[in-house]
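An overview of the molecular structure
Each chain, written out:
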Amino acid sequence: MNTAPLQGIKVIDFTEVQSGPSCTQMLAWLGADVIKIERPGVGDATRKELQFNPDLPSYYFLQLNSDKKSIALDAKTPDGKAILTKLIQEADMFVENLHPGAMDKLGFSWEEVHKLNPKCIYGTIKGFPVSSKYKDLKAYEPIAQVTAAAASTTGWYEGEYDVPTQSGAALGDSNTGMHLLIGLLAALQQRNKTGEGCFVYQSMHNACLNLCRIKTRDQLTLDKIGYLTQFPQYPDGKFGDCVPRSGNIEGGGVLGWTYKCKPAGDLDSAIDANNYVYIILQRGEKEFKLACQGFGFEDWLTNPDFATADARDKHKNEIYQRIGAWTADKTKFEVTEILSKYGVPVGPVLSTKEVMSDPSLYDGNTLVKINQGGEIGEFVTVGCPFTMSNFQPTYGPCPSLGGNTDEVLKGLGYTDDQIASFAKNGTTAPLPEKQ
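Every residue gets a number counted from 1 within its own chain, in the order that chain's sequence is written. The predicted nature of this model means local features are confined to residues of pLDDT at least 70 and side-chain atom pairs, given and counted, to a pLDDT of 80 or more, with totals for whole chains, interfaces and linings taken over all residues. Calculated side-chain values reflect all of the structure's heavy atoms, with hydrogen atoms and water omitted.

1. Comments concerning the overall build of the chain
- In DSSP terms, a helix is any run of H or I states spanning at least four residues, a strand is any run of E spanning at least two, and both are numbered starting from the N terminus. When helices and strands are counted, the chain shows 16 helices and 11 strands.
- Oriented by its inertia axes, the alpha-carbon framework of the chain measures out at about 85 × 55 × 50 Å.
- For every residue, the accessible area obtained with a 1.4 Å probe (protein chains only) is divided by the maximum for its type, and the residue is called buried under 20%, exposed over 50%, and partly exposed between those limits. Residue burial in the chain is summarised as follows: out of 435 residues, 46% are buried.
- Contacts are residue-level and defined by heavy atoms, with any inter-residue pair within 4.5 Å sufficient. Within the chain, contacts between residues at least 6 apart in sequence are counted, and of these 65% link residues at least 24 apart.
- Here Asp and Glu are counted as negative and Lys and Arg as positive; His is not counted, and neither are the chain ends. Just so you know, the charge point we use is NZ for Lys, CZ for Arg, CG for Asp and CD for Glu. Where the 42 positive side-chain charges of the chain centre and where its 52 negative ones centre are 4 Å apart.

2. What to know about the nonpolar core
- Val 11, Leu 27, Met 93 and Leu 184 are the most contacted members of the largest nonpolar core, which totals 40 residues.
- At the level of elements, α1 (19–29), α2 (59–62), β4 (93–96), β5 (121–126), α7 (174–194), α8 (204–211) and β10 (367–371) are the ones that each hand at least two residues to this core.
- Ignoring sequence-local partners within four residues, the contact set of Met 93 consists of Lys 10, Val 11, Ile 12, Leu 27, Cys 120, Ile 121, Leu 184 and Leu 188. We define the nonpolar core as a collection of buried residues of types Ala, Val, Leu, Ile, Met, Phe, Trp, Tyr and Cys that are connected through side-chain atoms lying within 4.5 Å of one another.

3. Some words on unusual backbone geometry
- Cis geometry marks the peptide bond from Tyr 234 to Pro 235, where omega comes out at 10 degrees.
- Here Pro 235 lies in the loop between α9 (213–225) and β7 (255–260).
- Positive phi is not limited to glycine here, since Asp 67 has a value of about 65 degrees.
- By secondary structure assignment, the location of Asp 67 is in the loop between α2 and β3 (69–72).
- Accessibility expressed as a relative area gives 26% for Asp 67, which makes it partly exposed.
- One non-glycine residue with positive phi stands out, namely Ala 273, at about 55 degrees.
- Along the polypeptide, Ala 273 turns up in the loop between β7 and β8 (276–281).

4. A look at the packing of α7 against α8
- To obtain each axis, a line is fitted to C-alpha atoms, and for helices this fit is confined to the stretch in contact; angles are then taken between N-to-C directions over 0 to 180 degrees. Direction vectors running N to C along α7 and α8 enclose 95 degrees, while the axes themselves pass 9 Å from each other. The orientation of α7 with respect to α8, classified from their angle, is roughly perpendicular. Here Asn 175, Thr 176 and His 179 of α7 come into contact with α8, specifically with Met 204, Ala 207, Cys 208, Asn 210 and Leu 211.
- Note on residue categories: nonpolar means Ala, Val, Leu, Ile, Met, Phe, Trp, Tyr, Cys or Pro, charged means Asp, Glu, Lys or Arg, and polar means any other residue, Gly included. Of the residues belonging to the contact of α7 with α8, the class tally is four nonpolar, four polar and no charged. Note on angle classes: values under 35 degrees are labelled roughly parallel, values over 145 roughly antiparallel, values of 65 to 115 roughly perpendicular, and the remainder oblique.

5. Considerations on the packing of aromatic side chains
- Stacked, tilted and edge-to-face pairs are distinguished by plane angle, under 30 degrees for stacked and over 60 for edge-to-face with tilted covering the rest, among Phe, Tyr and Trp rings (Trp via its six-membered ring) whose centres lie within 6.5 Å. Under the definition given, this model contains 20 aromatic pairs.
- Geometrically, the ring pair formed by Trp 110 and Phe 199 is stacked, given 5.6 Å between the ring centres and 15 degrees between the ring planes. One end of the pair, Trp 110, is in helix α5 (residues 110–116); the other, Phe 199, is in strand β6 (residues 199–203), and 89 residues separate them in sequence.
- Both rings, one in Phe 128 and one in Tyr 134, keep their centres 5.9 Å apart while their planes meet at 50 degrees; by these two values the pair is tilted.
- Since its relative accessible area comes to 37%, Tyr 134 is described here as partly exposed.
- In this structure an aromatic cluster arises from ring pairing among Phe 14, Phe 94, Trp 110, Tyr 122, Phe 199 and Tyr 201.
- The criterion is that NZ of a Lys, or CZ of an Arg, lies within 6 Å of the ring centre and within 35 degrees of the ring normal, and then a charge sits over that ring. When the ring centre of Trp 326 is taken as origin, the NZ or CZ atom of Lys 330, which lies over that ring, is 4.2 Å away.
- For Lys 369, the ring lying beneath its charged end belongs to Tyr 362, and the centroid distance is 5.1 Å.

6. What to know about the pairing of β8
- By definition, two strands form a pair when at least two bridges between them are found by DSSP. Sheet topology places β7 next to β8; six bridges connect them, and they run antiparallel. Within the sheet, the bridge partner assigned to Thr 258 lies in β8 and is Tyr 278.
- Pairing of β8 with strand β9 (residues 346–348), which is carried by three bridges, proceeds in the antiparallel orientation. In the strand pairing of β9, Val 277 is matched with Pro 348.

7. As for a nonpolar patch on the surface
- Together, Tyr 134, Leu 137, Tyr 140, Ile 143 and Val 146 make up a nonpolar patch on the protein surface, roughly 460 Å² of accessible area in all.
- Of the residues examined, Tyr 140 reaches a relative accessible area of 54% and is grouped as exposed. Here, patches come from residues exposed beyond 30% relative accessible area and free of salt bridges, joined within 9 Å for like charges and within 5 Å for nonpolar side chains (Val, Leu, Ile, Met, Phe, Trp, Tyr). The Shrake-Rupley method, run with a 1.4 Å probe, gives the accessible areas here. Residue values count only the displayed protein chains as cover. Any Lys or Arg side-chain nitrogen found within 4 Å of a carboxyl oxygen on Asp or Glu counts as a salt bridge.

8. Side note on the sheet that holds β9
- Strand order in the open sheet formed by three strands is β7-β8-β9, with antiparallel pairing between adjacent strands. Whereas interior strands pair on both sides, the edge strands pair on one side only; in this sheet they are β7 and β9. This sheet shows a mean twist of 15 degrees between the axes of neighbouring strands, independent of strand direction.
- In the packing of helix α12 (residues 316–327) onto the sheet, contacts are made with β7 and β8, and the angle to β7 comes to roughly 40 degrees.

9. Observations regarding the sheet that holds strand β1 (residues 10–14)
- Spatial strand order, β3-β2-β1-β4-β5-β6: six strands in an open sheet with parallel pairing. Each having just a single partner strand, β3 and β6 make up the two edges of the open sheet. Across the sheet, the axes of successive neighbouring strands diverge by a mean angle of 20 degrees, strand direction being ignored.
- Here β4 pairs with β5 via four bridges, running parallel. Note that in β5 the partner of Val 95 across the bridge is Gly 123.
- Against the sheet, α8 engages β5 and β6, with an angle of about 65 degrees to β6.

10. A word on helix α13 (residues 332–340)
- Looking only at α13, the buried set comprises Lys 332, Val 335, Thr 336 and Leu 339. In a view along the axis of α13, the buried residues occupy a sector of 100 degrees, so they form one face of it.
- As for α13, its buried residues are in contact with β8, α10 (285–295), α12, β9 and α14 (352–356). In this description, one arc is meant: the one made by directions from the helix axis to the C-beta atoms.

11. A closer look at the pattern of salt bridges
- The full count for this structure, using the stated rule, is 19 salt bridges.
- Measuring nitrogen to oxygen at the nearest pair gives 2.8 Å for the salt bridge that ties Asp 268 to Lys 332. Of the two residues, Asp 268 sits in the loop between β7 and β8 while Lys 332 sits in helix α13, which places them 64 residues apart along the sequence. Of the two residues, Asp 268 and Lys 332, neither departs from the other in class, the shared state being buried.
- Residue Arg 283 is joined to Asp 313 by a salt bridge in which the shortest nitrogen-to-oxygen separation is 3.2 Å. Taken as a pair, Arg 283 in the loop between β8 and α10 and Asp 313 in helix α11 (residues 309–314) lie far apart in primary sequence, 30 residues in all.
- For Arg 283, a relative accessible area of 34% gives the class partly exposed.
- One salt-bridge network, in which partners are shared between bridges, spans Asp 33, Lys 69 and Glu 407.

Here it is as C-alpha cells:
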C-alpha cells in the first residue's frame, strides 16, 4: 500500500534558488509529482552557484531539488505559454517565487491561473507582505532577517562586534519554504471541502518575524518596565528603547550560556574553535539544587546571591565566570556527560562536520545519502524533518536540466514533431547564437 500523503498531487514548480525549491522538494518527498520549470540552457541559478566542479551542478542545487522532474521551458514564447497553460490546467498546485510582478507580466498571475484551473492552489513567495512599505524591495535571505528584527537582536552586546548579525540558519529562505508548505497543505485540506483552490501568499519577512516572536514579547516587556531581567545587561547595564543584542542567553528566563572547554581532539579542535558547551540553569529550586550537585557548587544553595532565581538574575556574570572556570579543563563531551546525569539541560556545540559525521543521524530522515550517479556519486543532505508512523520518504536524485522535457510534453499529448519544433524555436532549448 502506498501511504505517501501527497500521492496523486501534481505540482508545477516555477521556483528557483532556495526558498521555493525547499518547499517543492518537501512536496516531492511527501509523494507529489513535482515538475520543475527551468530556463532552457540556463536552469535554476543554483545549478552553477558555488560549484565544486564547473561541469557539474552544485551541492546547493542538489540539496534542494531531489525527486523532481525538470522541463526546460521558456514561458515567454507563444508555445511556452501554451505548454505552461496545459500544465497548469492539469495541476493541483502552482508554486512560484519570482520577483514581484514577474508572473503578472508573464501572464500567469493568481487571477489568470485561477481562471485556467479553479481547483489549482497557487503558492507564492515574496520578500514582504503586500501591506509593507518595502514590498517592492528585491529580497534576499539577509534582507528578510534584517527587516524582521532578527539581526538587530542577534550578536554581541558590547565591544567592536556589537553589530547586527544575521543567523547562520536560513531564516529567510528554507524557513520561508517550510512556512509556505504549511499554507499549501492547509489549502489542500480546504480544497477537499470547497472544491476550489486558493491563493497562498508567504513573505520571507513574515517567516522570519514568526521566528522572532519571543523578541516581540521582550519588546512588550521592555516597553512596560524598562528592563529585561534575563539579558546580560541586567542589572548593571543600560537599556534603550529597543530589544538589544544579547550574546548567548537562552532568552526564556532561565540562565543559559555558552562556555569554553578544552579541545576534545579529532573534529573538536582549537583551530575550528567549537570547543564549547551550552548549559542552562533552570529557575526551579529542585532543578537548581541538582545542578549545584553536578558542578560541586553546593555553597550556592545557602548564598543569598545565588539561592533564588531572582538573585541569580542579578549575579549572572559571577555565575557565568564560575561555571566557565569549571568547564575550562573538561571537554564539551565530558561536561555533557557529567551534567546530564543531574538533569541539567546541556549540549555540546557541534560543527557541521561533527553533525555530518554522526552515524546515528543517518536514520532515514535526519540526514540522508542520495546517489546522484555519475561523477557526483553520493551526497548528503537533510531529509524530511518529521517522521510518520506509516510513511517513509524515499530520496532520489536530482533531475538534469530539462531531463524530463520529452516525457512531460508527451504526457500533455504533444507529438514528436511538435516536440522537435519546440526545441528549434527556443521554447525548450536555447536558440543558436547569431554569428
